[in-house]
Amino acid sequence: DGIRLVYGGGSVGLMGALADACLEAGGEVIGVITRRLLELEVGHGGCQELIVVDSMLERKTKMAELSDAFISLPGGIGTLDEMLEMLTWSQLDIHQKPSGLLNVDGYFDGMLSFFETVQREQFVRPEHLRMLVAEERLDDLLGKLRAYQPELVAKWPIQSNV
């Protein structure tokens, strides 16, 4: 489908399984991993390119530079950190790339409900939450990410001194 996978570079767990599946399907895989994680997790030897960086911030920045869109699969705290950072960067207009959640078996339902609460309590604007696309089926998510048009909105409403 012409999709290149840019991911955390590991060979274990779901990250490793994702890279393996992409490689088996003939896809291009670029891993970005910190030196410390490379020692702990063992980098994926099948990547066309495995970029080793010094820090998590450098890792996220490099993955963001190399990516056209972001898809979060069910995962733990690191996944949530990366997803929220990319969404924050959208909100702050650091990039205009779409962010998506593959909501397998409703995995992200609780978080999506929390985001509705955050919006209702006026801690985030509705147009900023629309920067995050969630779908249960990969084909549906990819279709929405391809069709994504960023809304250019200010993070903070302009206040008048009237």
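Residues numbered from 1 in each chain as written. Predicted model: local features only at pLDDT ≥ 70, side-chain atom pairs only at ≥ 80, totals over all residues. Heavy atoms only, no water.

Undergrad: Tell me about the sheet that holds strand β5 (residues 99–102), residues and numbers included.
TA: Backbone hydrogen bonds are what pair the strands of a sheet, in a parallel or an antiparallel way. The strand order across the open sheet built from three strands is β4-β5-β6, with neighbouring strands paired in parallel fashion. Looking at strand neighbours, the two that pair on one side only are β4 (70–72) and β6 (132–135), the edges of this open sheet. In this sheet, neighbouring strand axes are inclined to one another by 25° on average, regardless of whether the strands run parallel or antiparallel. With three bridges joining them, β4 and β5 adopt parallel strand pairing. Note that in β5 the partner of phenylalanine 70 across the bridge is serine 99. (Pairing = 2+ DSSP bridges. Helix = DSSP H or I, 4+ residues; strand = E, 2+ residues; numbered from the N terminus. Axes fitted to C-alpha atoms, helices over the stretch in contact; angles between N-to-C directions.)

Undergrad: Could you give an account of the environment of serine 11, naming the residues involved and the relevant values?
TA: Its place among the elements puts serine 11 in the loop between β1 (4–7) and α1 (13–24). Taking the C-alpha atoms as reference, serine 11 lies 5.6 Å from glycine 43; in sequence the two are 32 residues apart. For serine 11, the side chain forms a polar contact with the main-chain oxygen of valine 42, separated by 2.8 Å. (Polar contact = N/O pair within 3.5 Å; in protein donor to acceptor, adjacent residues only side chain to side chain.)

Undergrad: I'd love a proper account of the sheet that holds strand β2 (residues 28–34), names of residues and values included.
TA: If you trace the three strands from one edge of the open sheet to the other, you get β1-β2-β3, paired in parallel fashion. A strand with exactly one partner marks an edge of an open sheet, and here the two such strands are β1 and β3 (49–53). Each neighbouring strand pair of the sheet contributes to a mean axis angle of 10°, computed without reference to strand direction. Summarising the sheet, β1 and β2 pair through four bridges and their orientation is parallel. Considered in β2, the bridge of arginine 4 is made with glutamate 28. In this fold α1 packs onto β1 and β2, with an angle of close to 160° to the strand it touches most, β1. Most of the contacts of helix α3 (residues 56–66) go to β2, to which it runs at about 160°, and overall it touches β1, β2 and β3. (Contact = heavy atoms within 4.5 Å.)

Undergrad: Quick rundown of helix α7 (residues 138–147)? Include the residues and the values.
TA: One full turn of an α-helix is made of 3.6 residues, so residues set three or four places apart face in the same direction. Along α7, the residues that are buried comprise Leu141, Leu142 and Leu145. Buried residues of α7, viewed axially, fall in a sector of 100°; they line one side. Seen from the buried face of α7, the exposed residues on the opposite side, beyond 90 degrees, are Asp139, Arg146 and Ala147. (Buried < 20%, exposed > 50% of the residue type's maximum accessible area, 1.4 Å probe, protein only. Arc of directions from axis to C-beta.)

Undergrad: Would you mind going over the packing of aromatic side chains in detail, with residue names and values included?
TA: Summed over the entire model, instances satisfying the criterion amount to two aromatic pairs. Seen from their ring centres, phenylalanine 114 and phenylalanine 115 are 6.2 Å apart, and the 45° between their planes marks the pair as tilted. Its relative accessible area of 12% is what places phenylalanine 115 among the buried residues. (Phe/Tyr/Trp six-rings, centres within 6.5 Å; stacked < 30°, edge-to-face > 60°.)

Undergrad: Give a detailed account of the packing of α3 against helix α4 (residues 77–91), specifying residues and quantitative values.
TA: Put simply, α3 and α4 touch, their axes get as near as 11 Å, and they point 60° apart. Regarding the angle of α3 to α4, the classification is oblique. The handedness of the crossing between α3 and α4 is right-handed. Contacts from Met56, Leu57, Arg59, Lys60, Thr61, Met63 and Ala64 of α3 reach α4 at Asp81, Glu82, Glu85, Met86 and Trp89. Residues of the contact of α3 with α4, tallied by class, amount to six nonpolar, one polar and five charged. (Parallel < 35°, antiparallel > 145°, perpendicular 65-115°, else oblique. Left-handed = near helix turned anticlockwise from the far one by under 90°. Nonpolar A, V, L, I, M, F, W, Y, C, P; charged D, E, K, R; others polar.)

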